[in-house]
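A look at the structure
Below, each chain spelled out in residue letters.
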Amino acid sequence: MENKNFKSGYVGIVGIPNVGKTTLLNALIGQKIAIISPKPQTTRGKILGIMSESGMQAVFLDTPGFHKPKNKLGENMLKAVNETIGEADFVLVVVEPTDEVRNAELEIIEKTKNIPAILVINKCDTARKDALLPVIEKYSKLREFAEIVPISAKTGDGIDALKEEVRKLLPEGPMYYPEDMVTDQPEKQIVAEIIREKTLYTLDKEVPHGIAVEIVKMKEEKDIVSISANIFCEKDSHKGIIIGSGGRTLKRIGSLARRDCEKLLDKKVFLELWVKVKKDWRNSNFLMKEFGLKN
Ligand code: GDP
Ligand code: K
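Residues numbered from 1 in each chain as written. Chains lettered and ligands numbered in written order. Predicted model: local features only at pLDDT ≥ 70, side-chain atom pairs only at ≥ 80, totals over all residues.

Here we take up the overall build of the protein chain. Of regular secondary structure, the protein chain possesses nine helices and nine strands. Here the protein chain holds 295 residues, and 36% of them are scored as buried. Long-range pairs, those at least 24 residues apart, make up 72% of the contacts in the protein chain between residues at least 6 apart in sequence. (Helix = DSSP H or I, 4+ residues; strand = E, 2+ residues; numbered from the N terminus. Buried ≥ 20, exposed ≤ 12 C-beta atoms within 10 Å, placed from the backbone. Contact = placed C-beta atoms within 7 Å.)

Right under this line is the structure:
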């Protein structure tokens, strides 16, 4: 069976702002944009994205500051790099195809020297082929890289080759997370819980407890997290109450929930709510599981 040699592990993505780390991550996990988990409850720290391919699972760790390319690379970022590499099996050091190695890059390379690294030369679509050699030479003098992979995160060139190199470096290990999970789940559950709480809070006792919330979409785009959720109730009459006249009640639920979600995620949130009737959902094992109410 394929599982026998399943490989898995934790991978840090490091590099100075603007080299394309976010773009690369999205290319690796396939357009499904990762969301940062606000709850550092796992021992391995924050998970940024999970790539599951046949026979391997790479869990990319968040480096605080990662999402703020405009910030200067200061003490904090370097501290964060330290934390990330403390937890990672190896790192991807992302650079641009310029043969000038910037000071901040030297520091990052210094900090990550003691764990295996793949040098990822991104934005190769902007460089001539013969410009690569001097870049490779410069960086190779700074440390030993397990591999050097030129890519373009934007066009997708080299991404498959990079995945292959990631696979080689991953240790044998189990599938840590379900295959379809692209980020850690608790956060989704928290968001669902917030929406449920606001629904109950906003409604009078008229609508009994037959309410469940399902997060249909949760996606980070630029600086906004778009969330789309279904509020399930048991009766058509309940649906009317939840929506309210002119949609007022639902709007109120939405704006209260959005505020809390923004606090939780530390990002602007676009929240879309749908009310659906699902008779007897509480008697459905499947739905109970879906809503995280049953294991
Ligand atoms: P980060 O700060 O390292 O996360 O960098 P981003 O992923 O935010 O990318 C910074 C800028 O570089 C954005 O404008 C991207 O569109 C651009 N970029 C990223 N990867 C590539 C690439 O492979 N080629 C080109 N031409 N631009 C890229
Ligand atoms: K970024």
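That shown, we press on.
So, about the nonpolar core. V11, V93 and V120 are the most contacted members of the largest nonpolar core, which has 38 residues in total. Mapped by element, the contributors of at least two residues to this core are β1 (7-14), α1 (21-29), β3 (56-61), β4 (90-95), α3 (103-111), β5 (117-121) and α5 (159-169). Sort the elements by how many residues they give to this core and β4 lands first, with six residues. Judged by nonpolar contacts, the second largest core, of 23 residues, contains I194, I195, A229 and I242. (Core = buried A, V, L, I, M, F, W, Y, C linked by C-beta atoms within 7 Å.)

Let's shift gears to the sheet that holds strand β8 (residues 224-233). The three strands lie next to each other as β7-β8-β9, forming an open sheet whose pairing is mixed. Edge positions in the open sheet fall to β7 (212-221) and β9 (268-277), since each of these has one partner strand only. For this sheet, the mean angle separating the axes of adjacent strands, direction not counted, is 15°. Helix-sheet contacts for helix α7 (residues 236-243) involve β8 and β9, and the interaxial angle to β9 is about 155°. (Pairing = 2+ DSSP bridges. Axes fitted to C-alpha atoms, helices over the stretch in contact; angles between N-to-C directions.)

Among the residues of α3, E105, I108 and I109 are the ones counted as buried. All buried residues of α3 fall inside an arc of 95° around its axis, so they share one side. In this structure, α3 carries N103 and L106 as exposed residues pointing more than 90 degrees from its buried face. (Arc of directions from axis to C-beta.)

The phi angle at N18 is positive, at roughly 80°, despite the residue not being glycine. Within the fold, N18 resides in the loop between β1 and α1. Assessed through the 11 C-beta atoms surrounding it within 10 Å, N18 is described here as exposed.

With respect to burial, α1 is a largely interior element, seven of its nine residues being buried. Inspection of α1 places K21, T22, L24, L25, A27, L28 and I29 among the buried residues, and these make up the whole buried set.

The subject of this paragraph is the environment of V135. Along the chain, the position of V135 falls in helix α4 (residues 132-140). By the C-beta count within 10 Å, which is 22 here, V135 ends up buried. Placed 38 residues apart in sequence, V135 and P97 show a C-alpha to C-alpha distance of 6.1 Å. Among all residues touching V135, those that are not within four sequence positions of it are P97, T98, D99 and I121.

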